[in-house]
Structure formats: C-alpha cells, structure tokens
Amino acid sequence: MIISQNNKQIQPKWPLQIDSQVGPYTSVSSVAASLKQDFVFLLQTIPGEWPMNPDLGVGLATYLFENYESLELTNIRSNIDTQLKKYLSNIRLIDAKFINSAANHDNSVSTLQISYFIEDLGVQDEINFGLDNTTKTMADIGFLQ
C-alpha cells in the first residue's frame with residue numbers, strides 16, 4: 001500500500017481534546033503522526049481485548065510485572081515485529097529494547113525504547129514508554145517527547 005503525505009484531518013488525536021476550530025476534537029493532521037498513534041494503540045492493546053480479532057495487540061501492560069531478567073522481556077521485540085507485519089505493514093521495526101540504569105533498577109523503573117521506520121514516507125522515529133514497576137502502572141501512556 002502506498003500512502004501519501006497530506007495535511008487533512010486524518011483521525012482524532014488521543015487523548016481526546018475539544019477543539020471548536022477543527023471540529024469536535026483536535027485532529028491528527030499528518031500521515032506520520034497518524035501511523036505513530038496507530039502504532040501506540042497496537043502496543044497498548046492487550047491480545048484478546050478485541051473479541052473479533054483476539055490476536056491483535058502487543059499488550060505492554062502485561063509486561064509490567066516482569067523482572068529485569070525475565071525471558072518474557074526478551075521476546076518483546078519479536079512480538080512487536082510480528083504485530084507490525086500483520087497490522088501496520090508500512091512500519092518497520094528497527095529496534096525495541098529496555099533501557100535501565102543502576103539507579104532505575106533499584107527503583108524498579110525501566111523505559112522501553114522503540115525505534116521504527118515508516119517505509120512509504122521515509123520517516124524514522126522513536127517511541128519511549130516509561131514503565132514503573134513499583135506502582136505497576138504505566139508511568140507515561142503514550143509518547144515521551
């Protein structure tokens with residue numbers, strides 16, 4: 001599928017915010033931003049959450065209880081790659097790794113750093129998810145920029 005860059009309103013920007021100038025909600029206006037938002041949704045969706053498509057999603061929240069040495073964490077890259085090939089074939093995964101310093105290790109905090117490339121647009125970008133294992137919640141749902 002070939003996609004083109006345009007400045008039209010593509011989809012609502014999440015989280016939803018009221019915008020009376022654009023329409024009911026603020027919109028994503030670039031294809032690259034729309035694909036990034038779709039990628040974040042794919043990462044956050046827990047498999048089984050969509051009944052008609054039970055294998056959709058990476059389910060980052062399911063990794064919150066894993067220890068730093070867990071074998072489950074080593075499978076995250078292949079899990080993301082499989083999901084991208086199936087659901088967002090225009091995005092190619094470059095790398096997905098957990099970044100944790102000694103200080104963060106003591107506090108049970110880690111950051112998942114995902115680098116990707118949108119082939120049809122020639123755009124390379126990065127998504128960082130902060131995971132806080134002490135509270136067992138996503139420290140930052142969405143993008144850290």
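Remember, it's a predicted structure, so these values are computed and weren't measured experimentally.

S.K.: I keep staring at the packing of aromatic side chains and nothing clicks. Help me out?
M.R.: Each aromatic ring pair is summarised here by two numbers: the centre-to-centre distance and the angle between the ring planes. The final tally for this structure, using the stated rule, is two aromatic pairs. Between Trp14 and Phe41 the ring centres are 6.1 Å apart and the planes differ by 75 degrees, which places this aromatic pair in the edge-to-face class. Within this pair, whereas Trp14 is found in the loop between strand S1 (11–12) and strand S2 (18–19), its partner Phe41 is found in helix H1 (residues 31–44), the two being separated by 27 residues in sequence. Residue class for Trp14 comes out partly exposed when judged on its relative accessible area of 43%. Taking the relative accessible area as the measure of exposure, Phe41 reaches 30% and is therefore partly exposed. Taking 5.3 Å as the distance between ring centres and 85 degrees as the angle between the ring planes, the aromatic pair formed by Phe39 and Tyr116 counts as edge-to-face. Remark: Tyr116 occurs in strand S6 (residues 109–118) and Phe39 occurs in helix H1; sequence separation between them is 77 residues. Residue Phe39 shares its accessibility class with Tyr116, and that shared class is buried.

S.K.: Got a minute to help me understand helix H3 (residues 76–87) in this structure?
M.R.: Every α-helical turn comprises 3.6 residues, leaving residues that sit three or four positions apart pointing alike. Taking 1.5 Å of rise per residue, the twelve residues of H3 would be expected to cover 16 Å, and the 16 Å separating its terminal C-alpha atoms lies within 8% of that figure. Of all the residues in H3, the buried ones are Ile76, Ile80, Gln83 and Leu84. Down the axis of H3, the smallest arc covering the buried residues is 100 degrees, so these residues share one side. Exposed and oriented more than 90 degrees from the buried face of H3 are Lys85 and Lys86. Buried positions along H3 lie against H1, helix H2 (71–74), strand S5 (91–99) and S6.

What counts and what doesn't
Residues numbered from 1 in each chain as written. Predicted model: local features only at pLDDT ≥ 70, side-chain atom pairs only at ≥ 80, totals over all residues. Heavy atoms only, no water. Phe/Tyr/Trp six-rings, centres within 6.5 Å; stacked < 30°, edge-to-face > 60°. Helix = DSSP H or I, 4+ residues; strand = E, 2+ residues; numbered from the N terminus. Buried < 20%, exposed > 50% of the residue type's maximum accessible area, 1.4 Å probe, protein only. Expected span 1.5 Å × (residues − 1). Arc of directions from axis to C-beta. Contact = heavy atoms within 4.5 Å.

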